[in-house]
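Here is how the chains run, residue by residue.
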Amino acid sequence: MRAGRVIREEGFDGQYGVIRLFEEGEKEALMGQHTLFKPVGRSSKDRPSPSSREQGGPVTSGKVREPKKGVSWDDPILGPLNQEQLQAATHLGGHLLVVAGPGTGKTMVLTHRIAHLIREGEAKAEEILALTFTRKAAQELEQRLVSLIGEENSSGIRISTFHGLYLELLEQKAAEAHEPRALRICTEEDSLRIAYQVLSSRGVARLSPASFLQELYSWRLSELLGRANPKPSPERLSLYSAYRERLAGLNLVDFNELELETLNLFLNEPGFSQRVARRFPWVFVDEYQDTNTAQTLILKAVARSGAVVFAIGDPDQAIYGFRGADVSNFHRFSEDFPGAREIVLTTNYRSSQNILDAASAIIKRKGSLRSVSHSNTLIWTVTCSTESEEAEMVVETVERLMGGVSYFSVDSGRGGEELGTHGLGFGDFAVLYRLNAQGDALEEALSRRGVPVVRSGERPILERYPVDVLWRFFQAMLGKKERFYLAAYEELLDKYHIRPPVVPHQMPDTDSIEELVNWASRVHGLDSGLKEGEEECLERFRAMAARFQGPLGRFLSAVSLERGIDHQGLVGDRVALMSLHAAKGLQWEVVFITGCEDGLIPCTLFGAKEQEEEKRLFYVGITRAKSRLILSRSRKRKLGGRLIQLPPSPYLNSIPVELKEELNRTSWKRMPRGHQQLTLF
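Please read all numbers here as calculations on a predicted model, not as lab measurements.

Draft legend 1. Structural context of the packing of aromatic side chains. What the rule picks out here adds up to 19 aromatic pairs. Between F473 and F474, the aromatic rings sit 5.8 Å apart at their centres with planes inclined by 50°, giving tilted as the arrangement. The burial state of F473 is the same as that of F474; both residues are buried. One cation-aromatic arrangement involves R628 over W380; the distance from NZ or CZ to the ring centre is 3.6 Å.

Structure representation (structure tokens):
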């Protein structure tokens, strides 16, 4: 180690990297006492050749890759890539669509291509625009690029969410017109609140706020595109106007209007798309299957003006149709961007082949992804009587796979080694479900047995206590003339039984957002008495404030743009509980998918759902698992206060019988452990 002879094998999506000091066979030579202090020679012929390493990942026995022409194994940008990934990263020419299934290295390809373009002088950092759908994804791209090419070389890259870009472009346009416009973003929660108020004031009870907002967006988009859709009734138009006037009165712009105003600039403002294309001649889009019509039109406008578009994603993981995403954009890429090339990544570095084959059977995919894993464990299926028994089954199985999680489980024989999984921690397990309400029984059962859990739902950080209190407080302080903000703030004080703080009419005179957050925390008594998850939430909000430079109003707008699910709490050694939607982009060694019943999976209890999207959602859940997948159902369960009996999910029958087996839940005893001599290594 002192001589610097450390062997580093890079990791990749779905696999950890490896750092070791010993060559193959060297450790074995040191195992005996006679050779402990005898130097072991290293000959060059004993060292493994680069071709013994699996492409795109760590050493995998039985796999041999061919050397890549002109690429050094030590190249940190191109060396770790397999042949398909390398083609995508070094593509020359026009637009490119990369089909990247689960565990194939999607983010790796995206970041390594950007790094390659900058290193080779093909593009300057400030000429690159990378678009994502969540702040979390944007931060991950930024961190990976810094690790690849350094902060100095990557700092100029514009990495943003779509809505973050909209906000920037609209404010720049206003500044150019000498009409400075500090846009205040209306969160999705507030959009629903305002829509509800408008509908209630007009006595419209049959229309939900969510449906109303979708109607309004569709009408505005059709109007902008000049489509001859049926004109809404005068009553509907009056409701639309009332909602928009209410937003204007609060000096707010919602997500939909932010997008439509930006689209209007690209379609109707002379020279606007050309200016954006000159600024960003290289445009990268992550998760392209999640784009909607407006986003695709914006990208097409930039491409027509000379920008090159690189899109990456997976149509089999398109699960956000309810938010307006249109998977047909992915399939139509070559039509929308003439001359585009398509590259398909086929090697999966996450899941076992059995898991991949089962997932492919669900969506009737022609050919599975190819796994590098040697695991051949079958998928377990299990039928329980009630949701309570299902929750107990999860606890028992976690204990068995871990070899016991308490003295009781070890002494009683509930922990054991007969399942053949070793070295697992709580953080290696996830329990997934279709509806958040299903998580209650699971959380109770795990917590009762002393198993640490973390529950991640669909709510962003601004809607979680205690950040929601601080958020509403700042809104009320900045918008003192508006009863809307004060009412929302007072509702939270009542909800959490917080005594209204005695605060001055003016906030502290400071430019530091972090200081303002700390001050607001103190006056609300939030510096103590918080639970672990609540404290983590507040600390993350403080960290966001510490990184931000600018006035408070701008900070509130910036963090309002987050539409993604808050995964930042998924740290530490805890079993993860979350919905199938929330699990996208994550992975665990062992995954339970509970509630595999017709009505939940696919979910039809609350009305018809798009069946193909429901299949894709199940596909996403299955491919979160690396080595072990358990699919469970309950004959009857209590949901929404009523007892329901549902048949098995039809998707279970889609999985070939040779890939699955029934989980053996007969009583088991602790396996005797033989004496084992501790080893030095």
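Draft legend 2. Local environment of the sheet that holds strand 4 (residues 128–132). Taken in spatial order, the 6 strands line up as 5-4-8-9-3-10 in an open sheet, and their pairing is parallel. A strand with exactly one partner marks an edge of an open sheet, and here the two such strands are strand 5 (158–161) and strand 10 (341–345). Strand-to-strand twist across the sheet, computed as the mean angle between neighbouring axes with direction ignored, equals 15°. Pairing of strand 3 (residues 96–100) with strand 10, which is carried by 5 bridges, proceeds in the parallel orientation. Paired with V99 across the bridge in strand 10 is V344. Where helix 3 (residues 106–119) meets the sheet, it contacts strand 3, strand 4, strand 8 (282–286), strand 9 (308–313) and strand 10, and its direction lies at approximately 170° from that of strand 8. Across the sheet, helix 11 (residues 293–304) touches strand 4, strand 8 and strand 9, and the angle it forms with strand 8 is around 160°.

Draft legend 3. Structural detail: the packing of helix 9 (residues 255–268) against helix 11. One can describe the packing of helix 9 onto helix 11 by two numbers: an axis separation of 10 Å at closest approach and a directional angle of 25°. Considering the angle they form, helix 9 stands roughly parallel to helix 11. You can see that helix 9 and helix 11 cross each other, and the crossing is left-handed. On helix 11, the residues touching E259, T262, L263 and F266 of helix 9 are A294, Q295, L297, I298, A301 and V302. Its residues placed into classes, the contact of helix 9 with helix 11 shows 7 nonpolar, 2 polar and 1 charged.

The rules we used
Residues numbered from 1 in each chain as written. Predicted model: local features only at pLDDT ≥ 70, side-chain atom pairs only at ≥ 80, totals over all residues. Heavy atoms only, no water. Phe/Tyr/Trp six-rings, centres within 6.5 Å; stacked < 30°, edge-to-face > 60°. Buried < 20%, exposed > 50% of the residue type's maximum accessible area, 1.4 Å probe, protein only. Lys NZ or Arg CZ within 6 Å of the ring centre and 35° of its normal. Pairing = 2+ DSSP bridges. Helix = DSSP H or I, 4+ residues; strand = E, 2+ residues; numbered from the N terminus. Axes fitted to C-alpha atoms, helices over the stretch in contact; angles between N-to-C directions. Contact = heavy atoms within 4.5 Å. Parallel < 35°, antiparallel > 145°, perpendicular 65-115°, else oblique. Left-handed = near helix turned anticlockwise from the far one by under 90°. Nonpolar A, V, L, I, M, F, W, Y, C, P; charged D, E, K, R; others polar.

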